[in-house]
Amino acid sequence: MKPAPFDYHAARTVEEAVALLAEYADRDGRIIAGGQSFVPMMAFRLARPSHVIDINGIAALGRLAVEGEVLRIGAVVRHAALETLGCAGVLGRLLSQMARLIAHKPIRNRGTFCGSIVNADPAAEWCLAAVTLGAEIVAQSVREIRVLGADGFFTGAMTTTLAPDELVTECRIPLLRDGTRFGFDEVSRRAGDFAMAAALATYRVEDGRIVEPRIGVGGVEPCPKRIAAAEARLAGAAPDHRLFAAAASEAAAAVEPMDDGEASRGYRQRLVRAVVTRALERSLS
Amino acid sequence: MTGASVTAFEKGKTRVFGRSVSRIEDLPLVTGRGRYVADLDFPRQIHMRVVRSEEAHGRIVAIRLDAARAVPGVVAVWTHADIAGLPPIDFRDPAAEALKPYRQPLLAKGVVRYVGEPVAVVLAESPYVAEDAAELVAVEVEALPPLLDAAAPPAAFAPGLSTEALELSQEYGDVAAAFREAHCIVEAELSIGRHSGVPMECRGAIGRYDAAYDVLELWGAAKVPHRNREALARFFGRPSSSVQLHECHVGGGFGIRGELYPEDFLVCAASMRLGCPVKWIEDRREHLIAANHSRQQHHRVRAAVDAEGRILALEDAIFLDQGAYVRTHGARVLDLTLAMLPGPYRVPAFRAVGHFRLTNKTPAATYRAPGRYEGTFVRERLLDAIAARLGLDGVAIRRRNLIASNEMPYARQLTANGHPIILDSGDYAGLLRAALEAFGWEETEARLRERRAAGEFVGAGLSFFLEKSGQGPSDSALVSVDSGGFVEVVTGGASLGQGFETAMAQICAETLGVDYRRVRVVHGQTDRIRFGIGAHASRATVMTGGAVHAAASEVRRKALAQASVLLQAPADELDIVEGRVVRRDAPMGASISLGELSRASGPGRDGAGNGMPGLYSESWFHTEGMAFPYGVHIAVVRVDRATGQVAVERYFVATDVGRAVNPMMVEGQIAGGVVQGLGGALYEEFRYDAAGQPLSATFAAYLMPTMREAPKVEVLIAEDAPSPNNPLGIKGVGEGGCTGAGAAIASAIDAAIGRPGAVTALPATPERVLSLLEAARR
Amino acid sequence: MSQKLEVKLTVNGRDYVLSLEPRWTLADVLREHCGLTGTHLGCEHGVCGACTVMIDGQAVRSCLMFAVQAQGKAIVTVEGLAGPGGELHPLQQAFIDHHALQCGFCTPGFLMLAHATLLESPDIDDEALIDILASNLCRCTGYKNILAAVKTAAAVMKARRRQP
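Residues numbered from 1 in each chain as written. Chains lettered and ligands numbered in written order. Predicted model: local features only at pLDDT ≥ 70, side-chain atom pairs only at ≥ 80, totals over all residues.

S.K.: Before we go on, may I ask you to explain the overall build of chain B in this structure?
M.R.: Across its full length, chain B carries 19 helices and 30 strands. The C-alpha atoms of chain B give 27 Å as radius of gyration, which agrees with the globular expectation for 778 residues (28 Å, within 12%). Taking the principal axes of the C-alpha coordinates as reference, chain B spans close to 85 × 70 × 45 Å. Out of the 778 residues belonging to chain B, those deemed buried represent 62%. Contacts spanning at least 24 positions in sequence make up 81% of the contacts within chain B whose residues lie at least 6 apart. (Helix = DSSP H or I, 4+ residues; strand = E, 2+ residues; numbered from the N terminus. Rg over C-alpha atoms; globule rule 2.2 N^0.38 Å. Buried ≥ 20, exposed ≤ 12 C-beta atoms within 10 Å, placed from the backbone. Contact = placed C-beta atoms within 7 Å.)

So this is what it looks like as structure tokens:
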């Protein structure tokens, strides 16, 4: 389990990184950020890049800051930075709670938010967060800078609309208004394992009624997705256990789960009901 | 219960035997100075990489090596054609002739039979280069249909050879009559998943041939170095005195490590042929598809019982999934399953038939508590089913059937490895009583009932296990005292991390009257002692410990005889305290140290006499019978009603170990065993897809418990029934922590979901448990 | 021929100037080029934690990082845990006292994980500690003695800080 040979390039600036990527993309040149998924792939020789462009030395990409109504997460911001509170307010708390369930601490010390988005594992917490919260993904190449909505960015398990010569320089997540309630839950076999199903719920309550509900489900289909039917069930209703159960049933009915040997379609369907229910229940506490 | 021969170390009067002293092994291991085989390098060594089959079953059409051979740094690339003169890997012990055609060749010969089977090897200057070149070896295979279910009808292994390699059976009593006359017959169909030991250190081996002295060395030996020396010598047609095996630090064994595998022979063959040391370090993916799997069995079992729940007869049909070849153990796991199935219970009539069947998966062999983990699950599940049928509780049904202490020794009319099973000693009912009390069974049950009434899915389950240990017949040890008073114990034992050095040092120190920290213990080095049993089947502490005790006793006798002259007192009035011989009646008076005695009696000294000079002895320990430890496992689990996930809230083990050499280490063995047993009960499984592709070939897919999943195991160590079969009364403790875990967890899940007998298959994955739960609520 | 880069690594306070292929993992380089074989390889895909080392104060899997990436960082391995005179770190002593190791293969990884954790969070509570220690795998001990050892070491270190 030794990686195949490659040439190494330590980029100092974003411009240098995208220039290197432009040069080597067609020879399977790849970016390395945290490497916590990429290096295992290389160890198994499932990935065998000829050139590896390291962006860890680009100081600008370590930026984690709120600008206006948006949290901007640079490409080498680690999971651990979000775990310890990436920003004040509801969004910071939400991301912190989710971060704690990503793999294990030594992985979180190295792995990055943007890397996880680019890796596009169906069960990744950050992909679910990005889709549910309407994040934007900034992709830069020597050709252009594109700002992509998370909705539509993921095209399948481990695949995205990112071009081979594009570098994700940051992700932007809209802040959540004060008073926004949220809940997250996932089910995995052991602590730190990839989720067999995960759900993220956010909403606000105005005059005792739910407004702006968002329900996202990950680890179930090849890409995380929001469940419109469940959100519709919540919108305008008073939050209570019966309502949450009904929304969870809508969610379970709305997914077409993967069957990957780890969990069958039927089991995943039942897990969706469980995680959506629990995510919503948690929003009350 | 105490046999007349059990007089060695009187309880409560020992200095270091029976005490929880810290381990002499630990210092290098906590400072990063241990030396595992991967840490060892020899000048001019090269590295081996194995090219493995990617098909579960198929005919090899062609193997193309040119590209691999052309990689700079590659020394050689071999396929079966290059080693065609070497035989397949033989069985360690004589095995049935019928098994011979199923032995594994070092490299696949015309046919591949599992994903992971060695097909070729690349020998190169570095592990990275070896792996680069191995990727370029193109193996063209014409796929054949894989056989993946041992309970399905057998197919052809080769022309004229069935995939059912062997049928084993054992029986006694009138089974047919018992079933005819039974009050009722209780049946179950049960299965245990494929899982294994998976030590944290992968396997590794360095072959080194010293042409100057014509000695072949194998470094990285484990478990049974002396037995493997004989096997390697036979394999290569060499004198065994020219084959030396060397153990390094070993990162866990659990039965699977230290058997001879193709790679061990290949590094030896390559080192002799290429004239340089050859190092092979397994990677984790290889380990999960190439090292021995274990456990996978399917049972159709039934019991004839009377109206009170007493077992009249037991009958079982077993299908063992052996995987693609029969390895060094032959059919031992199946034999042990049959032999130990009745466990601690009176079973007047018994018949079990075992079907030893090959499939297209990784070959299987022993893993901690081989045959007993499986058999205990089956038997205890059956006991629970009998209890449910007759409306008894799980404790009552066991009490009614346990063999009584006054029936000991109890001759079970079965054999294990050809040795008759004669249960040596035990107060099974007494330990069950003590366990329930220490655990707080009644109060716990009451509390669990309340919680269930409040809607929780919680329950407690228990299992009773019987283990075997200390199988003889003989082992030896050398004990010597140097002129500085330091003691060396040379054994043919082996250390896999279990604390062997400390245990031997404690036995020697207690016998001799020295500080255990002044005792150095040698193990796993075939050039230091002629014979050795290694460390397996919970034998080392009993057998090697017995030999160390015998040798240290002889050294003590010599020391006292010499000192008796110098101190002018009869030897039986002398004692050895902290390495000095003193008069019992005047411990602060005149004394002489063991170092001085050693110096005075050394070779070349006047007065050494006609006997063996020095404070030195090589002694043997012989025993006919085995020591049978036993115990109770109790688990409390909580089932998540929405996901089927099982959390173990509490885990308790009571076990009688005869005498505990070091209670801290005994607890460590039990706690570690439980978590491994729990792994097989809830998480670990080598899964395959329909094409025979392994689905559990990474640590992200083969799920071993972490600290989050592991309960804090509570342990009650009992010493009610020392074994009469060895002078220290010891029973081995390596396996009992594992043995009862599958059974106890299954029983607890049943209780939690309120459906007796629900769990019929391990591992009880969340998906399986959720469907049981939903069925129970319907 | 593969690219080779000259790299300076700082391990346990000592500098190593090495000529390295970029593909060599930090774990392999520590073991094969610095001779620090206390860092063990248990899986080489980042799950088991036997290769855990401390980099700039944080626990990191050294199998998931290339050595060329560790240039300029302060690397501490298990060999750097004991004091200059060889006196054991409280974690090492506690592992011995609590029988927190059997085969010892996972031990360096657990020690470095615990070391980084107690540096960052000396007052960590049990549940958070278990979450972190669940990062690494042990196959021998059943874990309970590892937890006990780390808790004892935490208490010893705290007491030492109180008496300067």
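S.K.: Help me understand the overall build of chain A in this model?
M.R.: A count of helices and strands for chain A gives ten helices and 14 strands. Computed over C-alpha atoms, the radius of gyration of chain A comes to 19 Å, within 12% of the 19 Å expected from 2.2 N^0.38 for 285 residues, which places it in the range of a compact globule. Counting the 285 residues in chain A, one finds 56% classified as buried. Here the contacts in chain A between residues at least 6 apart in sequence split such that 62% fall between residues at least 24 apart.

S.K.: Just to check I follow, could you spell out the sheet that holds strand S27 (residues 615-622) of chain B for this structure?
M.R.: The pairing of strands in a sheet comes from backbone hydrogen bonds and takes either a parallel or an antiparallel form. Residues and elements named next belong to chain B. Sheet architecture is open: four strands sit in the order S23-S22-S21-S27, paired in mixed fashion. The sheet terminates laterally at strand S23 (519-522) and S27, the two strands that pair on one side only. On average, each strand axis in the sheet is inclined to that of its neighbour by 20 degrees, with strand direction left out of account. With eight bridges joining them, strand S21 (residues 474-481) and S27 adopt antiparallel strand pairing. Paired with Val479 across the bridge in S27 is Ser617. (Pairing = 2+ DSSP bridges. Axes fitted to C-alpha atoms, helices over the stretch in contact; angles between N-to-C directions.)

S.K.: Mind showing me how you'd approach the interface of chain B and chain C here?
M.R.: Across the contact, 44 residues belong to chain B and 44 residues belong to chain C. Where the side of chain B that touches chain C is concerned, the elements lending two or more residues are helix H1 (26-30) and helix H16 (663-683) of chain B. Here the side of chain B that touches chain C is built from residues that sort into 21 nonpolar, 14 polar and nine charged. (Nonpolar A, V, L, I, M, F, W, Y, C, P; charged D, E, K, R; others polar.)

S.K.: Would you mind going over the interface of chain C and chain A with me for this structure?
M.R.: For an interface, size is often stated in terms of accessible area lost upon the parts coming together. On the chain A side, the residues contacting the 24 residues of chain C number 24 residues. When contributions to the side of chain C that touches chain A are tallied by element, the ones reaching two or more residues are strand S4 (58-61) and helix H4 (126-133) of chain C. Of the residues forming the side of chain C that touches chain A, the biggest block, four residues, is contributed by S4 of chain C.

S.K.: Sorry, what's going on with the pairing of strand S2 (residues 29-32) of chain A here?
M.R.: On any regular strand, side chains alternate: one points to one face of the sheet, the next to the other face. All names here are of chain A. Examined bridge by bridge, S2 and strand S3 (residues 51-54) share four bridges and lie parallel to one another. Looking at the pairing, Gly29 lines up with His51 of S3. Crossover connection from S2 via helix H2 (residues 38-43) to parallel S3: handedness right-handed. (Right-handed = clockwise from strand over helix to strand, strands pointing away.)

S.K.: I'm lost on the packing of helix H3 (residues 107-120) of chain C against helix H5 (residues 144-162) of chain C in this one. Help?
M.R.: Between two packed helices, what matters for the description is the angle formed by their axes and the separation of those axes. Residue and element names in this part refer to chain C. Relative orientation of the contacting elements H3 and H5 amounts to 40 degrees, with a least axis distance of 11 Å. One finds that H3 runs oblique with respect to H5. Between H3 and H5 the crossing geometry is right-handed. Together, Phe110, Ala114 and Leu118 of H3 and Ile146, Val150, Ala153, Ala154 and Met157 of H5 make up the contact between the two elements. The class makeup of the residues in the contact of H3 with H5 is eight nonpolar, no polar and no charged. (Parallel < 35°, antiparallel > 145°, perpendicular 65-115°, else oblique. Left-handed = near helix turned anticlockwise from the far one by under 90°.)

S.K.: Is there a simple way to think about the domain arrangement of chain A in this case?
M.R.: Residues and elements named next belong to chain A. Examined at the domain level, chain A breaks down into domain 1 (7-54), domain 2 (59-174) and domain 3 (181-283). Here domain 2 and domain 3 have C-alpha centroids that lie 21 Å from each other. Elements that contribute at least two residues to the side of domain 2 that touches domain 3 include exactly helix H4 (89-99), helix H7 (125-133) and strand S8 (154-156). Residue contributions to the side of domain 2 that touches domain 3 peak at six residues, all from H7. In terms of residue class, the side of domain 2 that touches domain 3 is built from 13 nonpolar, four polar and two charged. (Domains from an automatic or database assignment.)

S.K.: Honestly, the domain arrangement of chain B in this entry has me stumped. Any pointers?
M.R.: All names here are of chain B. Here chain B is described as being made up of domain 1 (26-33 + 472-622) and domain 2 (420-470 + 626-777). Its C-alpha centre places domain 1 at a distance of 38 Å from the equivalent point of domain 2. Across the contact, 15 residues belong to domain 1 and 16 residues belong to domain 2. For the side of domain 1 that touches domain 2, the secondary-structure elements that each account for two or more residues are helix H13 (500-512) and helix H14 (540-567). The dominant element in the side of domain 1 that touches domain 2, judged by the number of residues it contributes, is H14, at six residues. Across the side of domain 1 that touches domain 2, the residue classes break down as five nonpolar, nine polar and one charged.

S.K.: Looking at this model, I keep getting lost on the environment of His98 of chain C. Mind explaining?
M.R.: Turning to its location among the elements, His98 of chain C is positioned in the loop between helix H2 (90-97) and H3. Excluding anything up to four places from it in sequence, His98 of chain C contacts Asn145, Ala148, Ala149 and Thr152 of chain C.

S.K.: Explain unusual backbone geometry to me, please; I cannot follow it from the model alone.
M.R.: The general pattern is negative phi for most residues beyond glycine and trans for most peptide bonds. Residue and element names in this part refer to chain B. Here the residue pair Met408 and Pro409 is connected by a cis peptide bond, since its omega of -10 degrees sits within 30 degrees of zero. With respect to the helices and strands, the residue Pro409 is situated in the loop between helix H10 (394-401) and strand S18 (410-416). With an omega dihedral of -5 degrees, the bond running from Leu762 to Pro763 counts as a cis peptide bond. As for its placement among the helices and strands, Pro763 is situated in the loop between helix H18 (741-753) and helix H19 (766-777). One non-glycine residue with positive phi stands out, namely Glu578, at about 50 degrees. Along the chain, the position of Glu578 falls in the loop between strand S24 (574-577) and strand S25 (580-583). A count of 14 C-beta atoms within 10 Å places Glu578 in the partly exposed class.

S.K.: Whenever I open this one, the pairing of strand S11 (residues 181-187) of chain A confuses me. Can you help?
M.R.: Burial of S11 of chain A is extensive: seven of the seven residues sit out of reach of the surface. The side-chain alternation of S11 of chain A yields two buried faces, one formed by Arg181, Gly183, Asp185 and Val187 of chain A and the other by Phe182, Phe184 and Glu186 of chain A.

S.K.: Is there a simple way to explain helix H3 (residues 127-135) of chain B in this structure?
M.R.: Owing to its 3.6 residues per turn, the α-helix aligns residues three or four sequence positions apart on the same side. All names here are of chain B. Burial runs high along H3: seven of the nine residues are buried. Considered for burial, the residues of H3 that qualify are Pro127, Tyr128, Val129, Ala130, Asp132, Ala133 and Ala134. For H3, the elements touching its buried residues are strand S1 (46-52), helix H2 (66-69), strand S3 (74-79), strand S5 (118-124) and strand S14 (278-281).

S.K.: Even after reading the chapter, I still don't get the nonpolar core, so can you show me in this structure?
M.R.: Soluble, globular proteins show a tendency: their nonpolar side chains are buried together. Counting 411 residues, the largest nonpolar core has Ala251 and Val276 of chain A together with Val122, Cys508, Val637, Ile745 and Ile749 of chain B as its most contacted members. Among the elements that take part in this core, H14 of chain B stands out by supplying 13 residues, more than any other. With near-sequence residues (within four places) excluded, Cys508 of chain B lies in contact with Val479, Val487, Val489, Val519, Val548 and Ala552 of chain B. (Core = buried A, V, L, I, M, F, W, Y, C linked by C-beta atoms within 7 Å.)

S.K.: Just to check I follow, could you spell out the sheet that holds strand S1 (residues 7-10) of chain A for this structure?
M.R.: Residue and element names in this part refer to chain A. One open sheet holds the three strands; their spatial order is S1-S3-S2, and the pairing between them is parallel. This sheet does not close on itself; its edge strands, each paired only once, are S1 and S2. Each strand of the sheet is rotated relative to its neighbour by a mean of 25 degrees, with strand direction disregarded.

S.K.: Teacher, can you tell me more about H4 of chain A here?
M.R.: Residue and element names in this part refer to chain A. For H4, the full list of buried residues reads Leu91, Leu94, Leu95, Met98 and Ala99. All buried residues of H4 lie within an arc of 130 degrees about the axis, which places them on one face of the element. Where H4 is buried, its residues meet strand S5 (70-74), helix H3 (79-83), helix H5 (105-108), H7, strand S10 (167-174) and S11. (Arc of directions from axis to C-beta.)

S.K.: When you look at the packing of H14 of chain B against helix H15 (residues 594-601) of chain B in this model, what are you seeing that I'm missing?
M.R.: Residues and elements named next belong to chain B. Relative to each other, H14 and H15 sit at 85 degrees, their axes nearing to 10 Å. Taken together, H14 and H15 sit at an angle that is classed as roughly perpendicular. Within the contact between the two elements, H14 uses Ala559, Gln562 and Ala563 and H15 uses Leu594, Leu597, Ala600 and Ser601. Partitioned by chemical class, the residues of the contact of H14 with H15 number five nonpolar, two polar and no charged.

S.K.: When you look at the environment of Leu81 of chain C in this model, what are you seeing that I'm missing?
M.R.: All names here are of chain C. In this structure, Leu81 sits in the loop between strand S5 (74-76) and H2. You can call Leu81 buried: it has 22 C-beta atoms within 10 Å. Note: C-alpha distance between Leu81 and Ala70 (eleven residues apart in sequence) is 19 Å. Discounting chain neighbours no more than four positions away, the residues touching Leu81 are His89, Gln92, Leu111 and His115.

S.K.: I'm lost on the confidence of the model for chain B in this one. Help?
M.R.: Caution applies to low-pLDDT parts of the model: their predicted coordinates are not meant to be read in detail. Residues and elements named next belong to chain B. When pLDDT is averaged along chain B, the result is 95, and 98% of the positions lie at 70 or above. Segment residues 1-6 is flagged for pLDDT under 50; beyond a separation of four residues in sequence, or across chains, it makes 13 contacts in the model. Note on the complex model: pTM 0.97, ipTM 0.98. (pLDDT = per-residue confidence, 0-100.)

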